[in-house]
Amino acid sequence: MPAIERLRLDHGAALLVFEQENRGYFTASISDRGDDYFTHFDERLSSLLDEQATGRCHFHVLVGGAGEIVGRVNLFDVVDGSADLGFRIAEKAAGQGLATAAVREVCALAGTDYGLTSLRAAAADGNPGSRAVLAHSGFVPTGEQVRLGSRQGHRYLLRLAGSASDG
């Protein structure tokens, strides 16, 4: 099983390869990041790490045995004990349960290490894989419709047990 690691500067080269190799695969179900993302990748990574240092975001990568990145699970917009969760898994690693395991692990970290009490997520209606990962990870639909780029989707919520504030 690949390991969840908090994003670091030394993940940069492998993260860029992950994003480039899977760009077409991701674009089939979520909005494309655009060429600028890849052109200015080093600056973007530096900015993400600066933001992570403030505690407003917690970025994670799923690292395989050879050091390759096969997924990402991010917590962003951390405010008042809550955050948004986003994830993506490499095409070659899809369908193996890695997304569900990684999301569950980051959800546990959210409560125990980051002191969060709830997580929000969204998934496009045309992305059954992401909706299944959220359901298997305990997220429940809120009934709220959202726009995800050009796609229609729905919002999901997870209340975290065992968070630092439950003590």
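Here the structure is shown first, and the text comes after it.
Cut-off values and rules
- Residues numbered from 1 in each chain as written.
- Predicted model: local features only at pLDDT ≥ 70, side-chain atom pairs only at ≥ 80, totals over all residues.
- Heavy atoms only, no water.
- Helix = DSSP H or I, 4+ residues; strand = E, 2+ residues; numbered from the N terminus.
- Buried < 20%, exposed > 50% of the residue type's maximum accessible area, 1.4 Å probe, protein only.
- Polar contact = N/O pair within 3.5 Å; in protein donor to acceptor, adjacent residues only side chain to side chain.
- Pairing = 2+ DSSP bridges.
- 1 Å grid on protein atoms, 1.4 Å probe; cavity = no way out; pocket = protein on both sides within 12 Å on 5 of 7 lines; lining within 4 Å.
- Points joined across faces, edges and corners; volume = space filled by probe spheres on them.

Some points on the side chain of Asn74
- Relative to the assigned elements, Asn74 resides in strand 3 (residues 69-79).
- For Asn74, a relative accessible area of 11% translates into the label buried.
- Within polar-contact distance, the side chain of Asn74 engages the backbone nitrogen of His60 at 3.3 Å.

Concerning the pairing of strand 4 (residues 82-89)
- In terms of residue burial, strand 4 counts as a mostly covered element, since 7 of its 8 residues are buried.
- Here 7 bridges tie strand 3 to strand 4, and the two strands are oriented antiparallel to one another. Bridge pairing links Arg72 to Arg88 in strand 4.
- Count of turn residues in the strand 3/strand 4 antiparallel hairpin: 2 residues, of which Asp80 carries a positive phi of about 50°.
- Bridging between strand 4 and strand 5 (residues 118-124) involves 3 bridges; their strand directions are parallel. In the strand pairing of strand 5, Ser82 is matched with Ser118.

Things to note about the layout of surface pockets
- If you add up the space inside the largest pocket, you get close to 1,100 Å³.
- Looking at the largest pocket, it is lined by 46 residues, and the ones nearest its centre are Ile30, Gly86, Phe87, Arg88 and Ser130.
- If you list the elements that add at least two residues to the lining of the largest pocket, you get helix 2 (23-27), helix 4 (41-54), strand 3, strand 4, helix 5 (98-112), strand 5, helix 6 (128-136) and strand 6 (140-148).
- Residue contributions to the lining of the largest pocket peak at 6 residues, all from strand 4.

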